[in-house]
Every structure is written in structure tokens, then in C-alpha cells.
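As a plain string of letters, each chain reads:
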Amino acid sequence: MKLTDSVYLVGGSAYGLSAMGDCNVYLVNCGDELALIDAGGGMGVKRILENIKQDGFDPKKIKLAFLTHCHFDHIGGAQELKQLTKCNLAAHKREAPSIVNLDENVLVEMARDRGLKFSAPKLDGMLEDQDHIHVGNVSFDVLHTPGHTPGCISIKMVEKDGKTSIFSGDIALTTGRLGFINGPGFDLSEWKRSIKRLIAEKPDRLYPGHNTFMLSGATDDLKLTDAKMNAPWTTIVTSVG
Ligand SMILES: [Zn+2]
Ligand SMILES: [Zn+2]
């Protein structure tokens, strides 16, 4: 589903685009090459590749899939995706051990409860804050934005029309939704700092890992999230039981 000249939504259970357990999966048109943001939970890979074809692209041109963080709904499809397209997989170096070992931060038990089956992805690249990654004619900036998990990243780019965009994984959703915040590796103060950092980047557009994206006014939308996270009336439960 074309969102802009540069960005397509090619997977996500919230839109019925792929399978249950899939986060939003975005395709970036980088000219001769393609980039993906996240891989879904593992049940939707073939539909994601079909969607890419229907949008007029050859999945074999996917050079790199960024994995925003280790949760199963973002990495479950990564290894199958890599096998089918020969793409590379990259994640932040602090997140890599969780991804390749499928440790508790991945929430594997929750994935099994939902009937998802997948093998641990093999990573080709480790990312760090402020890395510049070139795919085709696009330069992506890596922002380490921890809090949801220790090694979550956001990916920043400038689109063909000059707008600044950020793919935020699960660290920032839109419309003031706070999302899932109580997993292993969660850190509330880091999370609050990460939201402020995203605001400082002044994005026009925000493409989160779940639910709806913002095609304009993203910085104001992030300020809404920031206000909600810090409001006296917001009760954030940081432990259960
Ligand atoms: Zn997550
Ligand atoms: Zn998620």
C-alpha cells in the first residue's frame, strides 16, 4: 500500500495486510535497491512479499531489512525473509544477543501462545547510534532510542519530496498511544528521553511499528506522546504482581 513516493506499507496485522502477529512492515523505495523496516512475526512473510510485488517491486531487490528491536512481532519473519530474498539483516549491537539467542526479551512465550513459529535470525550487520547506512540512493540515519527494549532503534531518512521521516518501531506510536511498556528490558526514564530525542529531530512523518502512521505534523504528534508520558494523571504500571 503506497503511503508516499518513498514509503509503502507492505505488512501489518492492524491493516489486514499480512498475518496475525505482524507489526507494521514498511518498504522504502531506494531506486535500484529496496529497504525494509522490520519483518513481522513469522506467519506473514509470503504475503508481505506478495504485497511488495503488487506494489510493483521485485523482492529480490531488498538489500537490507532493519530490525527495530527484538520483539517477536518484529523479528519472527526475518530469517525466512532473508532466505527468500537474500537480503541482509541489521539490528543494534545491544539488541543483537537477544535476537540471535531468542532470549526472554524477545517474548518467545507470548509468540508461542499465539501459535507463531520461527527460527532465530542470523544478523549480517550491527548498528550503532548515528550510523549512516546507504541503500540505493537513500541514506538512513540510525538513532539509538532505548526504553521499550535496551537496543531499540529508530531510523531517519529524507524522502523524495524532501520531508523528514522517522521509523520509530515501538518506542513511539502515534495519537498519544503509549503501547506495550512493561516487557523485560523496559526502562521508563530512557523511554522518556528517547521521545524527547525524536522530537528534537523534528520529523514531518512518523511510521511506527503498530497502528497508524502520521504523514504530516509528526513532531506535534510526538509532543502529545511526550506530554502524556509525563502528565501527573498518567499512571504507568512498571511492574505487575
Ligand atoms: Zn515491541
Ligand atoms: Zn511491536
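Residues numbered from 1 in each chain as written. Chains lettered and ligands numbered in written order. Predicted model: local features only at pLDDT ≥ 70, side-chain atom pairs only at ≥ 80, totals over all residues.

Draft legend 1. Broad picture of the sheet that holds strand β11 (residues 205–208). Taken in spatial order, the five strands make up an open sheet running β7-β8-β9-β10-β11, and their pairing is mixed. The strands lining the two open edges of the sheet, one partner per strand, are β7 (132–135) and β11. Here the average twist between neighbouring strands, direction ignored, is 25 degrees. Here strand β9 (residues 153–158) runs beside strand β10 (residues 164–169); their pairing, made up of four bridges, is antiparallel. Looking at β10, one finds that V158 is bridged to T164. (Pairing = 2+ DSSP bridges. Helix = DSSP H or I, 4+ residues; strand = E, 2+ residues; numbered from the N terminus. Axes fitted to C-alpha atoms, helices over the stretch in contact; angles between N-to-C directions.)

Draft legend 2. Structural context of the environment of A14. For A14, the location among the structural elements is in the loop between β1 (7–11) and β2 (25–30). Given 13 C-beta atoms within 10 Å, A14 falls into the partly exposed group. Along the backbone, A14 and F72 are 58 residues apart, and their C-alpha atoms lie at a distance of 16 Å. Excluding its chain neighbours within four sequence positions, the residues that come into contact with A14 are N24, H210 and N211. (Buried ≥ 20, exposed ≤ 12 C-beta atoms within 10 Å, placed from the backbone. Contact = placed C-beta atoms within 7 Å.)

Worth remembering: the numbers are spatial, not functional.
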